[in-house]
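# Structural overview for review
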Amino acid sequence: LASVSVSDGSTVVVQPFDKGSLQDVEKAIRESDLGFEPTNDGNVVRINIPQLTAERRKEMVKVAAKFGEESKVAVRNIRRDAKKQVDKCEKDGVSEDLCKDKEADLQKITDGYVKKIETAIKDKEKEITQV
């Protein structure tokens, strides 16, 4: 659809392969609710990316935290599904001790991934808030 490049640290250039779609690209960027004002020079669409304000940084931290929370929920859902499989195996005659060991292993793995996600969220928060 288009070639996208960065001309300098704060300008993104979008060059559509079809010049007829230039207006559509500009309109889509303007209506995307990202807060960017694209400019159209007839050949390319230029998007100036402003410096992040403190308010925008706080919003980005909230978004990162939301993605992190969704990731932790996904890990817990996987644990729940695996636990159902372990419970099914126990009903099918696998020893109770083996099932309890597998449940403990499953919990350790889950806790490890939740901890990795929390660390990634904290690191990303530091990166976003750093000026």
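Preceding block: the structure.
The rules behind these values
Residues numbered from 1 in each chain as written. Predicted model: local features only at pLDDT ≥ 70, side-chain atom pairs only at ≥ 80, totals over all residues. Heavy atoms only, no water. Helix = DSSP H or I, 4+ residues; strand = E, 2+ residues; numbered from the N terminus. Contact = heavy atoms within 4.5 Å. Pairing = 2+ DSSP bridges. Axes fitted to C-alpha atoms, helices over the stretch in contact; angles between N-to-C directions. Disulfide = S-S within 2.5 Å. Buried < 20%, exposed > 50% of the residue type's maximum accessible area, 1.4 Å probe, protein only. Salt bridge = Lys/Arg side-chain N within 4 Å of Asp/Glu carboxyl O. Core = buried A, V, L, I, M, F, W, Y, C linked by side-chain atoms within 4.5 Å.

## Focus on the side chain of Thr 110
- With respect to the helices, strands and loops of the structure, Thr 110 is situated in helix α3 (residues 96–129).
- Excluding its chain neighbours within four sequence positions, the residues that come into contact with Thr 110 are Val 75 and Arg 79.

## Observations regarding the sheet that holds strand β3 (residues 38–40)
- One open sheet holds the 4 strands; their spatial order is β1-β2-β4-β3, and the pairing between them is antiparallel. What marks the edges here is a single partner per strand, and that holds for β1 (2–8) and β3. On average, each strand axis in the sheet is inclined to that of its neighbour by 25°, with strand direction left out of account.
- Pairing of β3 with strand β4 (residues 45–48) involves 3 bridges; the strand directions are antiparallel. Within β4, the residue paired with Pro 38 across the bridge is Ile 47.
- Packing of helix α1 (residues 22–30) onto the sheet brings it into contact with β2 (11–16), β3 and β4, and relative to β3 it is tilted by some 165°.

## Here's the deal with the state of the cysteines
- According to the stated counting rule, one finds 0 disulfides in the structure shown.
- Unpaired in terms of disulfides, Cys 89 finds its nearest cysteine sulfur in Cys 99, a separation of 6.4 Å.
- Taking relative accessible area as the criterion, Cys 99 reaches 3% and is therefore assigned buried.

## Section: the pattern of salt bridges
- Overall, the coordinates contain 11 salt bridges when judged by the stated rule.
- A salt bridge links Asp 41 to Arg 46; its shortest N-O distance comes to 3.8 Å.
- One salt bridge in this structure joins Lys 124 and Glu 127, with 3.2 Å as the shortest N-O distance. Remark: Glu 127 and Lys 124 occur in helix α3; sequence separation between them is 3 residues, near one turn of the helix.
- On the basis of relative accessible area, Glu 127 is assigned to the partly exposed category, the value being 49%.
- Taken together, the shared-partner salt bridges connect Glu 26, Arg 30 and Glu 37 into one network.

## A look at the pairing of β4
- Judged by which residues are buried, β4 turns out to be one-sided: Val 45 and Ile 47 face inward and are buried, whereas Arg 46 and Asn 48, on the alternate face, are not.
- Summarising the sheet, β2 and β4 pair through 4 bridges and their orientation is antiparallel. Counterpart to Val 13 in the pairing with β4 is Arg 46.
- Once β3 ends, the chain turns through 4 residues before running back antiparallel as β4, passing Gly 42 with a positive phi of about 95°.

## A word on the nonpolar core
- Judged by nonpolar contacts, Val 14, Leu 22, Val 25, Ile 29, Val 45 and Ile 47 together constitute the single largest core of 6 residues.
- Counting only elements with at least two residues in this core, the list comes to α1 and β4.
- Considering each element in turn, this core owes the most residues, 3 residues, to α1.
- Beyond its immediate sequence surroundings of up to four residues, Leu 22 is in contact with Pro 16, Asn 40, Gly 42, Asn 43, Val 44 and Val 45.

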